[in-house]
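# Structural overview for review
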Amino acid sequence: MSPLRKASAALSSVRLRATAAATLVVALALGLAALALVAVLRGTLQSNADAEATRKAAAAAPYAETLDLTRATPVSPGVEAPTPALAESSIALTRQGKGEPPAIVGKGGTVQLRDGSKVTIADPDVLLTDDKSASATEWAAPQKYAIAGVKVATVGGPAMVWSRVPLEGAEKALQTLYGALLPGVPAVLLVVAGMTWISVGRALAPVAAIRAKVADITARDLHQRVPVPGSKDEIAALATTVNGTLDRLETAVDTHKRFVADAAHELRSPIATLRARLELAEPSELTREALADVERLQSLAADLLILAKLDAGEPLRAAELDLGQVAAEESVRARRRPDVGLELDIEPDVVMKGSRAHLDRLVTNLADNAVRHASSTVRVRVHAEEDQAVLEVRDDGPGIPPEHREAVFARFTRLDEARARDAGGAGLGLPIARDIAHLHGGTLVYADSGFIAKFPLNH
């Protein structure tokens with residue numbers, strides 16, 4: 001599989017999609033919750049600051065009504081004590097001239113007024129101005145302070161009492177919240193993604209086991225069943241359904257195998273009788289053609305019978321044998337053409353473990369196929385290669401095109417040039433040979449102008 005397909009398969013996995021979906025949902029929820037928390041906290045802190053400023057202005061209002069902005073009581077030389085009203089009210093006192101902005105006092109201590117008098121400032125966050133000043137933004141910037149104003153009637157006329165509360169504490173609280181949310185939200189998302197990945201992986205583990213088992217089951221071992229988890233959930237129901245399907249499939253395949261075996265077995269006797277009668281009949285063109293057809297029918301019945309036995313998975317009656325001896329004897333017995341020669345290259349003592357009857361059939365099928373397609377020579381070679389016994393059956397015929405080299409092992413498959421009635425075979429020889437090779441733990445492939453079978457050596 002190409003890297004692009006692997007990446008595509010990984011991105012389309014249920015586990016990854018479930019993890020991404022869960023993480024995205026939690027991220028959206030946490031984002032909305034964080035925004036709501038910041039907005040609520042900011043509004044609460046602002047409201048508390050506004051309420052504090054209003055309370056401070058209201059508390060200073062009764063004392064501000066006793067003051068006169070048009071004049072101030074001078075403080076005696078060397079005396080720092082303010083007037084009783086100023087000492088009690090702790091109001092920052094300013095002088096307001098006509099057309100002039102209020103003289104804003106920003107710090108406590110003794111302040112020199114425009115007329116030369118002095119007053120003591122006790123609280124720099126409270127300011128008294130005349131009512132012509134609409135606001136005190138120069139004294140308290142809105143982004144740094146919460147401001148509240150109260151109208152009062154002083155001795156000298158209408159005035160405004162302004163109070164301010166610093167928003168520095170609120171900003172510090174918000175910065176602390178930001179400091180907790182910025183690393184906290186990604187950490188929570190990582191935990192959610194990790195837990196979702198692990199949880200979904202554990203939930204899908206039985207599915208992977210079911211898939212692996214189903215992929216391992218073939219027509220030869222339909223008796224196997226997929227594992228059923230004890231969770232009693234949808235995956236367990238899926239496994240139970242798959243096992244039920246395998247039960248029905250095994251029953252159908254067994255019925256088919258028994259039918260093929262019984263039909264092939266029952267056909268052998270009447271076919272043999274018919275062949276005997278044709279051989280005893282008076283020779284003619286008609287009897288020769290009929291005899292050829294009966295021979296093909298007899299060969300087909302034999303092939304179907306051995307296929308039924310192979311498909312049934314009957315135990316292999318194996319014994320030690322010399323593959324070279326088997327190949328030499330069966331190659332000589334194979335069907336011969338007068339214009340085709342046979343060359344043998346047999347290495348001695350190539351011993352393996354297998355069924356003599358099955359290997360006889362494998363060599364016969366390969367040799368017959370080679371003789372049928374050879375131009376002049378068929379070569380049979382047996383040798384040992386590392387820990388394998390190798391059988392090679394080659395011919396000097398046209399060979400098999402690369403695109404058909406696997407198709408020839410399918411049952412009842414014949415290439416176009418072999419479809420004539422006189423070409424022989426029903427497309428079962430090579431499939432039977434490969435099944436026999438697999439039954440012995442070996443392989444059979446077409447390469448280099450011939451068929452190569454490999455089997456484990458018997459050490």
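Along each chain, numbering runs from 1 in the same order as the chain's sequence is written. Residues qualify for local features only when their pLDDT is at least 70, as the model is predicted, and side-chain atom pairs are given and counted only at 80 or more; totals for whole chains, interfaces and linings, by contrast, use all residues. Hydrogens and water molecules were not included; the side-chain quantities draw on all heavy atoms of the structure.

Take the confidence of the model for the protein next. A score between 0 and 100, pLDDT records how confident the predictor is in each residue. The predicted model of the protein averages 78 in pLDDT, with 80% of residues at 70 or higher. Taken as a whole, residues 72-121 scores under 50 in pLDDT and shows 96 contacts with residues more than four places along the chain or in a different chain. Every residue in residues 418-423 scores below 50 in pLDDT, and together they form 7 contacts with partners more than four places removed in sequence or on other chains. Residue contacts follow a heavy-atom distance rule, with two residues in contact if any of their heavy atoms lie within 4.5 Å.

This part takes up the pairing of strand β12 (residues 450-456). Only protein chains enter the accessibility calculation, which uses a 1.4 Å probe; a residue is then buried when its area is under 20% of its type maximum, exposed when over 50%, and partly exposed in between. Per the convention used, a helix needs a DSSP run of H or I reaching at least four residues, while a strand needs a run of E reaching at least two, with both numbered from the N terminus. Of all 7 residues that make up β12, 5 are buried, and the element is covered over most of its length. Examined bridge by bridge, strand β10 (residues 388-395) and β12 share 7 bridges and lie antiparallel to one another. By the bridge assignment, valine 390 is partnered in β12 with lysine 454. For two strands to be treated as a pair, DSSP must find at least two bridges joining them. Pairing between strand β11 (residues 443-446) and β12: 4 bridges, direction antiparallel. By the bridge assignment, tyrosine 446 is partnered in β12 with phenylalanine 451. What sits between β11 and β12 in their antiparallel hairpin is a turn of 3 residues, with aspartate 448 showing a positive phi close to 55°.

The next subject is helix α9 (residues 429-439). Among the 11 residues in α9, 8 count as buried, and that is most of the element. Among all positions of α9, only Leu430, Pro431, Ile432, Ala433, Arg434, Asp435, Ile436 and Ala437 are buried. Taken together, the buried residues of α9 touch α6 (285-311), α8 (356-373), β11 and β12. Within two residues after α9, glycine 441 carries a phi angle of roughly 75°, on the positive side.

Moving on to the nonpolar core. Here, nonpolar core refers to any group of buried Ala, Val, Leu, Ile, Met, Phe, Trp, Tyr and Cys residues whose side-chain atoms link them within 4.5 Å. One finds Leu362, Leu366 and Leu391 to be the most contacted residues of the largest nonpolar core, which totals 38 residues. Elements that contribute at least two residues to this core include exactly α6, α7 (323-333), α8, β9 (377-385), β10, α9, β11 and β12. Top element by residues in this core is α8. It accounts for 6 residues. What leucine 362 contacts, discounting residues up to four positions off in sequence, is Leu391, Ala433, Ile436, Ala437 and Phe455. Listed in part, the 10 residues of the second largest apolar core include Ala64, Leu67, Leu128 and Val161.

Position of tryptophan 162 relative to the elements: it lies in strand β5 (residues 157-166). Tryptophan 162 sits 22 residues away from alanine 140 along the chain, and the two C-alpha atoms are 9.6 Å apart.

Looking now at the pairing of strand β8 (residues 351-354). With burial as the criterion, only one face of β8 is covered, namely that bearing Met352 and Gly354; the residues Val351 and Lys353 on the opposite face remain uncovered. In the sheet, strand β6 (residues 319-322) pairs with β8 via 4 bridges, with the strands oriented antiparallel. Residue pairing for β8: aspartate 322 is matched across the bridge by valine 351.

On the basis of which strands lie adjacent, the open sheet formed by 5 strands has the order β7-β9-β10-β12-β11 and mixed pairing. This sheet does not close on itself; its edge strands, each paired only once, are β7 (341-346) and β11. The average undirected angle you get between the axes of adjacent strands in this sheet is 15°. As judged from the 6 bridges shared by β7 and β9, these two strands associate in the parallel manner. Every angle, taken between N-to-C directions, lies between 0 and 180 degrees, and every axis is a line fitted to C-alpha atoms, over only the stretch in contact when it is a helix.

Pairing of aromatic rings covers Phe, Tyr and the six-membered ring of Trp, with a centre-to-centre limit of 6.5 Å; geometry is then stacked below 30 degrees between planes, edge-to-face above 60, and tilted otherwise. Applying the stated rule across the entire model yields 2 aromatic pairs. Relative to phenylalanine 451, the ring of phenylalanine 409 lies with its centre 5.9 Å away and its plane at 90°, an arrangement referred to as edge-to-face. With a gap of 42 residues between them, phenylalanine 409 in the loop between β10 and α9 and phenylalanine 451 in strand β12 connect regions that are remote in the sequence. Here phenylalanine 409 matches phenylalanine 451 in class, with each residue buried. Each ring, one from tyrosine 446 and one from phenylalanine 451, has its centre 5.0 Å from the other, and the planes form 75°; the classification is edge-to-face. Neither residue differs from the other here; tyrosine 446 and phenylalanine 451 are each classed as buried. Here the aromatic residues Phe409, Tyr446 and Phe451 are joined through ring pairs into a cluster of three or more.

Bringing the sheet that holds strand β3 (residues 126-130) into the picture now. In space, the 3 strands of this open sheet follow the order β3-β5-β4, with antiparallel pairing throughout. In the strand order of this sheet, the two ends are held by β3 and β4 (145-154), each with one partner. Neighbour-to-neighbour, the strand axes of this sheet turn through a mean angle of 25°, independent of strand direction. Relative to β5, β3 is paired through 5 bridges, and the arrangement is antiparallel. Note on β5: the bridge partner recorded for leucine 128 is valine 161.

This part covers the packing of helix α4 (residues 168-216) against helix α5 (residues 234-280). Here α4 crosses α5 at 15°, and the two axes come no closer than 10 Å. Taken together, α4 and α5 sit at an angle that is classed as roughly parallel. Of the two possible hands of crossing, α4 and α5 adopt the one that is left-handed. Note on element contacts: α5 touches α4 through Ile235, Ala239 and Val242, opposite Ala203, Pro206, Val207, Ile210 and Val214. Here the residues of the contact of α4 with α5 sort into 8 nonpolar, no polar and no charged. Working rule for angles: under 35 degrees goes down as roughly parallel, over 145 as roughly antiparallel, 65 to 115 as roughly perpendicular, anything else as oblique. The hand of a helix crossing depends on one turn: near helix anticlockwise from the far one by less than a right angle means left-handed, and clockwise means right-handed. We call Asp, Glu, Lys and Arg charged. Ala, Val, Leu, Ile, Met, Phe, Trp, Tyr, Cys and Pro are nonpolar, and the rest, Gly among them, are polar.

For this analysis, a salt bridge means a side-chain nitrogen from Lys or Arg found within 4 Å of a carboxyl oxygen belonging to Asp or Glu. Inspection of the entire model under this criterion finds 21 salt bridges. One salt bridge connects arginine 225 with glutamate 250, and the closest N-O pair in it is separated by 2.7 Å. Placement of the pair is arginine 225 in the loop between α4 and α5 and glutamate 250 in helix α5, with a sequence separation of 25 residues.

One way to put it is that α8 packs onto α9 with a least axis distance of 9 Å and a crossing angle of 145°. Here α8 and α9 pass one another in a crossing that is left-handed. Each of His358, Leu359, Arg361, Leu362, Asn365, Leu366 and Asn369 in α8 lies in contact with α9, whose residues at this interface are Gly429, Leu430, Ile432, Ala433, Ile436, Ala437 and Leu439. Split by residue class, the contact of α8 with α9 holds 9 nonpolar, 4 polar and 1 charged.

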